[in-house]
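Each chain is listed here by its residues.
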Number of protein chains: 2
Amino acid sequence: MDKIGKYEFIAEPFHCDFSGHLCLGNLGNQMLNAADFHSTDRGFGMKYLMTIQRSWVLSRLAIEMTEMPQQYERFTIETWVENALRFFTQRNFQVSGANGKIYGFGRSVWAMIDTETRQPSDILAIDNGAINQWIEAEKPCPIEKGDRVKMSNEAELVRTINTHYSDIDINGHVNSVKYIEHVIDLWDIAWYREHQIKRFDIAYVAETHQGDKIHFFREQTDEKTYCVRLVKTDQITQEDTEVCRCKILFT
Amino acid sequence: MDKIGKYEFIAEPFHCDFSGHLCLGNLGNQMLNAADFHSTDRGFGMKYLMTIQRSWVLSRLAIEMTEMPQQYERFTIETWVENALRFFTQRNFQVSGANGKIYGFGRSVWAMIDTETRQPSDILAIDNGAINQWIEAEKPCPIEKGDRVKMSNEAELVRTINTHYSDIDINGHVNSVKYIEHVIDLWDIAWYREHQIKRFDIAYVAETHQGDKIHFFREQTDEKTYCVRLVKTDQITQEDTEVCRCKILFT
């Protein structure tokens, strides 16, 4: 089996936006699906990990696109593991159109946790470091790694939402893709008529449960860049906790 | 080519709910994809219709399930045209698990419009009634047709939402699947721990644009049945218009 997994998807009509292009949240979803297929086929997927009380946890995701697939277009996502350390592994993505044209890339960082203790777990302890045989360090992923998203205390509260049934995954948390969708929804169609997302970075910090409120604090950090901090108010304790941070570069 | 189209899908993790079952909105999305694949393969799909200024418009959808696919499960949707009249066609769906077990069925009613005038258009005028050669009247779809959803004026306003970028499709309207998701989100996880959706009916009446507000009026019509009326407030005229009506039967 190849170190690089290649999966075909279609830009479904209801996953496309007003302009007929795939929404970035749905592309992110397909990247995570590709990651899942790739790791499952190679013996370290979620389904297997569940049987040994382990789980992958997405820590960061960066997507940088020059073009987005159009409605009904078939596109492929290639994915591979760039490296693996005890507590983190980096997985990359390449998105191509049916004609082979490269549309963009993704970078992700994953940790592993013990699902009982919720503590970090040693990735290399799985099957005696089996992941190491799948490292593909040669294939280029010509986008920058995500930096820590720096924000001041000047960020403005621009929206508060309640979390609902459809936000929540099998772990009882708001799913990774929903955060992306909610952040992208902070801008309206008039904005997206004039701007496209060139790059989207998200760093996950804490988990949100159904019933928690999420507050979106937004700050423009340069002409084309916005950062967004998501803070939850726990429905029981009423405590505020940062849950994730995003950086969005528009063109 | 067979009159019945059969398509395979997978219950993707981020399309599943807290219980690890596919969310009904995502199943609805896959049914509409299956409809699209089926009609495209047979020469009367959306993509072709666009070239002759016609479009399918979903008028009603009913989904009735005894079981929902579980996370990572492969399932198939079969779809076929039960009949076609000048202004409406009925299309059915059957959902089965990988083991062949039938999970449920769907029924849908579609109209065709002229995309320039937005007026109803004659379905049988397309390619001299070509759709008629695909009618499959024998395959059973053992669920009731959807009735008109009757509601009193006692329905209670339970939520108002703003429509955002990700709600809107290429036609500039809230997409058919998003209405289903928003309605399902009117109940919380505590409710869904005790209740499952046995049947969901939706009848589409008018279109909603980004920036319109949607009000959800809910009424319990018998022990296990709720009806929901969605009313939009147009952001420009501030006029209220009914946009769709749903009936949800829980078990």
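Each remark here, short or long, concerns the structure printed above.
What counts and what doesn't
- Residues numbered from 1 in each chain as written.
- Chains lettered and ligands numbered in written order.
- Predicted model: local features only at pLDDT ≥ 70, side-chain atom pairs only at ≥ 80, totals over all residues.
- Heavy atoms only, no water.
- Helix = DSSP H or I, 4+ residues; strand = E, 2+ residues; numbered from the N terminus.
- Polar contact = N/O pair within 3.5 Å; in protein donor to acceptor, adjacent residues only side chain to side chain.
- Least-squares fit on C-alpha atoms with pLDDT ≥ 70 in both.
- Contact = heavy atoms within 4.5 Å.
- Axes fitted to C-alpha atoms, helices over the stretch in contact; angles between N-to-C directions.
- Parallel < 35°, antiparallel > 145°, perpendicular 65-115°, else oblique.
- Left-handed = near helix turned anticlockwise from the far one by under 90°.
- Nonpolar A, V, L, I, M, F, W, Y, C, P; charged D, E, K, R; others polar.
- Expected span 1.5 Å × (residues − 1).
- Buried < 20%, exposed > 50% of the residue type's maximum accessible area, 1.4 Å probe, protein only.
- Buried area = accessible area lost by both parts, 1.4 Å probe.
- Salt bridge = Lys/Arg side-chain N within 4 Å of Asp/Glu carboxyl O.
- Phe/Tyr/Trp six-rings, centres within 6.5 Å; stacked < 30°, edge-to-face > 60°.
- Lys NZ or Arg CZ within 6 Å of the ring centre and 35° of its normal.

Colleague: Honestly, the environment of Ser19(B) in this entry has me stumped. Any pointers?
Modeller: Here Ser19(B) is to be found in the loop between β1 (5-10) and α1 (24-41). A distance of 2.7 Å separates polar atoms of two side chains, one belonging to Ser19(B) and the other to Asp17(B).

Colleague: I would appreciate a short explanation of the relation of the copies chain B and chain A in the present structure.
Modeller: The pair of chain copies shares a relation made of a rotation about an axis and a shift along it. Superposing chain B onto chain A takes a rotation of 180° combined with a translation of 0.0 Å along the rotation axis, leaving an RMSD of 0.0 Å. Look at the turn and shift together and you get a two-fold axis relating the two. When C-alpha positions in chain B are compared against the rotation axis, the closest is assigned to Ile161(B), at 5.0 Å. Of all interface residues in chain B, 100% are interface residues in chain A too; the two copies therefore contact each other through one and the same surface.

Colleague: How should the packing of α1(B) against helix α3 (residues 176-184) of chain B be read in this particular structure?
Modeller: Two packed helices can be described by the angle between their axes and the distance between those axes. Residues and elements named next belong to chain B. At a minimum axis distance of 8 Å, the contact between α1 and α3 shows a crossing angle of 165°. When the axis of α1 is compared with that of α3, the two are roughly antiparallel. Where α1 crosses over α3, the handedness of that crossing is right-handed. Contacts from Leu 24, Gly 25, Asn 26, Asn 29 and Leu 32 in α1 reach Ser 176, Val 177, Ile 180, Glu 181 and Ile 184 in α3. In terms of residue class, the contact of α1 with α3 is built from five nonpolar, four polar and one charged.

Colleague: Would you mind showing me how to read helix α1 (residues 24-41) of chain A here?
Modeller: Residue and element names in this part refer to chain A. An ideal rise of 1.5 Å per residue puts 26 Å on 18 residues; α1 measures up with 26 Å between its terminal C-alpha atoms. Most of α1 sits out of view: 15 of its 18 residues are buried. Where α1 ends, the next residue or the one after it, Gly 43, has phi of about 90°, a positive value.

Colleague: Which parts of the structure should I look at to understand the interface of chain B and chain A?
Modeller: Contact with chain B, which involves 39 residues of that partner, is made by 39 residues of chain A. Carbon and sulfur atoms make up 56% of the area that chain B and chain A hide from each other, which totals about 3,600 Å². By the criterion of area lost to chain A, the three top residues of chain B are Phe14(B), Tyr72(B) and Tyr165(B), representing 24% of everything that side buries. At the boundary of chain B with chain A, the tally comes to zero salt bridges. Taken together, chain B and chain A are joined by 18 residue pairs in polar contact (both at pLDDT 80 or more). Mapped onto the side of chain B that touches chain A, the elements with two or more residues apiece are α1, α2 (46-51), α3 and α4 (189-194) of chain B. Tallying contributions element by element places α1(B) first for the side of chain B that touches chain A, with six residues. Partitioning the side of chain B that touches chain A into residue classes produces 19 nonpolar, twelve polar and eight charged.

Colleague: Teacher, can you tell me more about the packing of aromatic side chains here?
Modeller: Where two aromatic rings form a pair, the distance of their centres and the angle of their planes describe that pair. One pass over the structure, following the stated rule, counts 26 aromatic pairs over all chains. Here the aromatic rings of Trp187(A) and Tyr226(A) are separated by 5.4 Å at their centres, their planes lie at 75°, and the arrangement is edge-to-face. Of the two residues, Trp187(A) sits in the loop between α3 (176-184) and α4 (189-194) while Tyr226(A) sits in strand β9 (residues 225-233), which places them 39 residues apart along the sequence. Like Tyr226(A), Trp187(A) is buried. Linked through ring pairs, Phe18(A), Trp187(A), Trp191(A), Tyr192(A), Tyr226(A), Phe250(A) and Tyr165(B) together constitute an aromatic cluster. In this structure, Lys139(A) packs its charged tip against the face of Trp80(A), placed 5.2 Å from the ring centre. Directly above the aromatic system of Trp187(B) lies the positively charged group of Arg218(B), at a separation of 4.8 Å from the ring centroid.

By themselves these figures say nothing about function.
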